[in-house]
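What follows is the residue order along each chain.
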Amino acid sequence: MKCLSIATGITVLSQLVGLSQAFYLPGVSPTDYEKDSQVPLLVNGLTPAYEPSHQSLKSVISYDYYDPRFNFCQAKEGAEKQPESLGSILFGDRILDSPFQLFMLKNESCKMLCKSSYDRPDSRFVNKRILQDYTFNWLIDGIPAATQKYDPQTESSFYSIGFPLGGFVEEKPYLHNHYDIRVDYHETRQGKFRVVGVLVTPKSRANSIQDDEPICDDKDNNHVILETNKEHSVGFTYSVTWVESSTPWATRWDKYLHVYDPKIHWFSLVNSTIIVGFLAGMVISILVRALRKDIQKYNEIDLSEDVQEDSGWKLVHGDVFRTPERSMLLSIFLGSGSQLFFMAGLTVFFALLGFLSPSNRGSLATVMILFYTLSGSIGGYVSARFYKTFGGENWMLNLALTPLVVPGIIFVVFIGLNFWLIFARSSGAVPFGTMFALMAIWFLISVPLSALGSFVANKKEKISVPVRTNQIPRQIPHQPTYLKPISSYLISGILPFGAIFVELYFIFNSLWFHKVYYMFGFLFVCYGLMIFTCITVTILMTYFLLCAENYHWQWRSFIASGACAFYIFFHAVVYWGTKLRLSGITSNILYLGYSMLISFIFFILTGSVGFIASFFFVRKIYATIKID
Ligand SMILES: *[C@@H]1O[C@H](CO)[C@@H](O)[C@H](O)[C@H]1NC(C)=O
């Protein structure tokens, strides 16, 4: 079993390493079927759904379709695993073979799958999953089985991915054991057909099988209610209808990608763009004016040789480039942050170009890992360059720690959360082989690339700074309240958060409700806005800090810029309190754990951007004034 996992790990690794292979993902090119040829139906894990009528999500754990407690019918030769990309596995896809037999254009009215028996614990398990609004996730030819829904706002019907495991009658949960599968097909050429949509209407039928014959007659049929005081035998059946559709293969995803309220989305994006643009413009104009005045004043004083007291940021010229505390950690964070910055930018850009279509399951995550790995040398370079600039001596340690600290923290938290998933017997638990593949990618590609970057940076001179640092540090005067650490972080974090607030809502929905995320245009704009606001706000704060003769701007600018991550976490907690009704400790821990991980990644990314911008700002302004 273990060997098998390792083998899968190596396959995944080899798939990821080859760049061309990484973009190969099933479902990109159309499959033509002939009449009566078999069209495989694949099953993915069962996931909890957001049920609008209940206004909440109750769990975040997914379960394997063949979890023995579900007692679903097995494929004849045992369920075969389907090849999946690394990202797809990491994001919880477990796609397996199924016993359903569908043949192109062959309508079937009532076919029997199997008969299963449910003992008491299994009944209790299934009932609990029905209460938590779990849904089936099936795939036919790469597109998900859906239920048809109607959006009264746009007056259009759309396909909502997945269909429910069961329902309720008189407060009692019942299990769906009959599936009416409707497949939309499109004829491309004479005798060649493509699948362009799948709808499933599930039903619950108490007497679905009699004398080993399926009965698909809705007359006086009761629901399958799994009482937990006795054993039950349940028969599973399905019907298939093939319906001609005018939708071509290329646009078959359109009806799945339904935007609930496109107007609101646009409105809020434009809104936040204007607000952010306005504020940033104000910040920049204030800053430029103030700076111009300062520089003029400082240089005049020098010329007239007046015995006038210097004031403001000029006073700290002898300390402004003093080595910050924990310069090793700061440079490591800067390296990792730059790496994340490049990864995020490249991913969003590629997505924008349309490389990551939703039919490439998990391609987003795969591409993210790929880009993160490949920008390893950027991380090493930035880290070593700043470490040297800070006057660090132990460059070997910096080289070794840069690719280990931040990914290590992420990995440890990830493994910890994975234990909870294993404990909950969730299919979302990442298998050993995949973990092994991740480690291999990390140590065999990312670490050497990072070391290479460090090595190159170490050969270079340190970044030149315009002023010399004095031997004795200056006393820092009393600071105004708004420049006290906590208040300055709270103030500076809110603007970048405001830039991404709207998009964050959609990202969270897609993460937790298993919705397809595809609005990369919005995401691209938001990412740009966020980076832009981080830079302007942090520069302004650094300026105020220096004006108050406080030269500890290095960590302050990093944290101030990264402070939007605190708001992201806060937002996640609010979302948790209002939108989610997670039952069970595992779901709650997983939710908070993943939110913390996301916030941490944001913190490192935005913090680094803010610091680097401030660094070049400080370097620039001190280069413009004369110092005797
Ligand atoms: C299958 O049944 C549906 C609904 O009765 C019908 O519209 C369709 O034409 C049938 N398809 C074939 C290939 O017979």
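Residues numbered from 1 in each chain as written. Predicted model: local features only at pLDDT ≥ 70, side-chain atom pairs only at ≥ 80, totals over all residues. Heavy atoms only, no water.

If you check an unreviewed UniProt entry, the protein appears there as Transmembrane 9 superfamily member from Nadsonia fulvescens var. elongata DSM 6958. Quoted verbatim from the Subcellular location (unreviewed entry) field of UniProt, the annotation for the protein is "Membrane". Quoted verbatim from the Sequence similarities (unreviewed entry) heading of the UniProt record, the comment on the protein is "Belongs to the nonaspanin (TM9SF) (TC 9.A.2) family." (UniProt positions renumbered as here; feature names shortened; annotations may be inferred.)

Helices and strands together make up the secondary structure of the protein, namely 16 helices and 17 strands. Dimensions of the protein, computed from the C-alpha atoms along their principal axes, are close to 105 × 55 × 50 Å. With 628 residues in all, the protein has 52% of them scored as buried. Across the protein, the fraction of contacts at a sequence separation of at least 24, relative to all contacts at a separation of at least 6, is 79%. Taking the average location of the 51 positive side-chain charges in the protein and that of its 48 negative ones, the two points are 6 Å from each other. (Helix = DSSP H or I, 4+ residues; strand = E, 2+ residues; numbered from the N terminus. Buried < 20%, exposed > 50% of the residue type's maximum accessible area, 1.4 Å probe, protein only. Contact = heavy atoms within 4.5 Å. Lys, Arg positive; Asp, Glu negative; His and termini not counted. Charge placed at Lys NZ, Arg CZ, Asp CG, Glu CD.)

Under the definition given, this model contains 49 aromatic pairs. Relative to Phe136, the ring of Tyr65 has its centre 6.2 Å away and its plane inclined at 55°; by these criteria the two rings are tilted. Linking Tyr65 in the loop between strand 2 (41-48) and helix 3 (86-90) with Phe136 in strand 5 (residues 134-140), this pair joins segments that are 71 residues apart in sequence. By relative accessible area, which is 2% here, Tyr65 ends up buried. Residues Phe558 and Phe603 carry aromatic rings whose centres are separated by 5.6 Å and whose planes lie at 80° to one another, so their mutual orientation is edge-to-face. Of this pair, Phe558 sits in helix 14 (residues 553-562) while Phe603 sits in helix 16 (residues 585-624); the two residues are 45 residues apart in sequence, bridging distant segments of the chain. Across this residue pair, the class does not change: Phe558 and Phe603 are buried. Between the NZ or CZ atom of Arg69 and the centre of the ring of Phe125, over which it lies, the distance is 4.0 Å. Its end group placed over the ring of Tyr159, Lys255 keeps NZ or CZ at 5.2 Å from the ring centre. (Phe/Tyr/Trp six-rings, centres within 6.5 Å; stacked < 30°, edge-to-face > 60°. Lys NZ or Arg CZ within 6 Å of the ring centre and 35° of its normal.)

What follows covers the site of the ligand. Taken together, Leu105, Asn107, Thr241 and Trp242 form the complete shell of residues around the ligand. One nitrogen or oxygen atom from the side chain of Asn107 is found 2.2 Å from an oxygen atom belonging to the ligand. Here a nitrogen atom of the ligand and a backbone polar atom of Trp242 are 3.3 Å apart. Contact with the protein chains hides 43% of the accessible area of the ligand, taken as 360 Å² for the molecule alone. Of the residues belonging to the shell around the ligand, the class tally is 2 nonpolar, 2 polar and no charged. (Near = heavy atom within 4 Å. Polar contact = N/O pair within 3.5 Å; in protein donor to acceptor, adjacent residues only side chain to side chain. Areas by Shrake-Rupley, 256 points an atom, 1.4 Å probe, with all protein chains shown as cover. Nonpolar A, V, L, I, M, F, W, Y, C, P; charged D, E, K, R; others polar.)

Every regular strand shows the same layout, with side chains that alternate between the two sheet faces. For strand 5, the buried fraction is high: 7 of the 7 residues fall into the buried class. Pairing analysis gives 6 bridges linking strand 2 to strand 5, with the strands arranged antiparallel. Directly across from Val43, in strand 5, lies its bridge partner Trp138. Direction of pairing for strand 5 relative to strand 9 (residues 163-164): antiparallel, over a ladder of 2 bridges. Looking across to strand 9, one finds that Phe136 is bridged to Phe163. Pairing analysis gives 2 bridges linking strand 5 to strand 6 (residues 143-144), with the strands arranged antiparallel. Paired with Leu139 across the bridge in strand 6 is Pro144. (Pairing = 2+ DSSP bridges.)

This part is about helix 6 (residues 327-352). Since the α-helix packs 3.6 residues into each turn, any two residues three or four apart lie on the same face. With 26 residues, helix 6 ought to run about 38 Å at 1.5 Å a step, and its terminal C-alpha atoms sit 37 Å apart, in line with that. At the exit of helix 6 stands Gly354, carrying a positive phi of roughly 90°. (Expected span 1.5 Å × (residues − 1).)

Before going further, it helps to examine helix 7 (residues 363-374). When the terminal C-alpha atoms of helix 7 are compared, their 16 Å separation across 12 residues agrees well with the 16 Å that a helix rising 1.5 Å per residue should span. Counting buried positions over the 12 residues of helix 7 gives 9, a clear majority of the element. Looking only at helix 7, the buried set comprises Ser363, Ala365, Thr366, Val367, Ile369, Leu370, Phe371, Tyr372 and Thr373.

Let us now look at the state of the cysteines. In this structure the tally under the stated criterion is 1 disulfide. Note that Cys73 is cross-linked by a disulfide to Cys114, the S-S spacing being 1.9 Å. Its S-S torsion of approximately -85° makes the covalent link between Cys73 and Cys114 left-handed. Taken together, the residues Cys73 in the loop between strand 2 and helix 3 and Cys114 in strand 4 (residues 108-118) connect sequence positions 41 residues apart. We classify Cys73 as buried; its relative accessible area is 4%. The cysteine Cys534 is free of any disulfide, with Cys564 supplying the nearest cysteine sulfur at 4.8 Å. Judged by its relative accessible area of 1%, Cys534 is buried. (Disulfide = S-S within 2.5 Å.)

Grouped together as the largest cluster of nonpolar side chains are 142 residues, with contacts concentrated most on Trp138, Tyr179 and Ile181. Excluding residues that lie within four positions of it along the chain, Ile181 makes contacts with Leu41, Phe100, Leu102, Trp138, Ile140, Val198, Leu199, Val200, Tyr238, Ser239, Val240 and Thr241. Among the nonpolar cores identified, the runner-up in size contains 10 residues, and Ile369, Phe414, Val430 and Met435 belong to it. (Core = buried A, V, L, I, M, F, W, Y, C linked by side-chain atoms within 4.5 Å.)

So, about the domain arrangement of the protein. Structurally, the protein comprises domain 1 (30-251), domain 2 (317-348 + 358-461) and domain 3 (476-609). Here the C-alpha centre of domain 3 lies 39 Å away from the C-alpha centre of domain 1. At the junction of the two partners, domain 1 supplies 13 residues and domain 3 supplies 15 residues. Here domain 1 meets domain 3 over a buried area of about 1200 Å², counting both sides, of which 64% is carbon and sulfur. Broken down residue by residue, the surface that domain 1 buries against domain 3 is led by Tyr50, Leu57 and Val60, which jointly contribute 46%. Where domain 1 touches domain 3, the interface holds 0 salt bridges. For the interface between domain 1 and domain 3, the tally reads 2 residue pairs in polar contact (both at pLDDT 80 or more). Its residues assigned to classes, the side of domain 1 that touches domain 3 comprises 7 nonpolar, 5 polar and 1 charged. (Domains from an automatic or database assignment. Buried area = accessible area lost by both parts, 1.4 Å probe. Salt bridge = Lys/Arg side-chain N within 4 Å of Asp/Glu carboxyl O.)

Pairing within the open sheet is antiparallel, and its 3 strands lie in the order 10-11-16. Whereas interior strands pair on both sides, the edge strands pair on one side only; in this sheet they are strand 10 (166-169) and strand 16 (224-225). Relative to strand 16, strand 11 (residues 172-175) runs antiparallel, the two being bridged by 2 bridges. Among the inter-strand pairings, Tyr174 is bridged to a residue of strand 16, identified as Ile225. The strands touched by helix 4 (residues 120-131) within the sheet are strand 10 and strand 11, with strand 11 carrying the most contacts at an inclination of about 105°. (Axes fitted to C-alpha atoms, helices over the stretch in contact; angles between N-to-C directions.)

Right, let's talk about the pattern of salt bridges for a bit. Tallying each qualifying case throughout the model produces 13 salt bridges. Lys35 is the salt-bridge partner of Asp36, the closest N and O atoms lying 3.8 Å from each other. Residue Lys58 is joined to Asp133 by a salt bridge in which the shortest nitrogen-to-oxygen separation is 2.9 Å. Placement of Lys58 in the loop between strand 2 and helix 3 and of Asp133 in the loop between helix 4 and strand 5 is noted, with a sequence separation of 75 residues between them. No difference in accessibility class separates Lys58 from Asp133, as the two residues are buried. Salt bridges here are not isolated pairs; linked through shared partners, they connect Asp32, Arg189 and Arg194.

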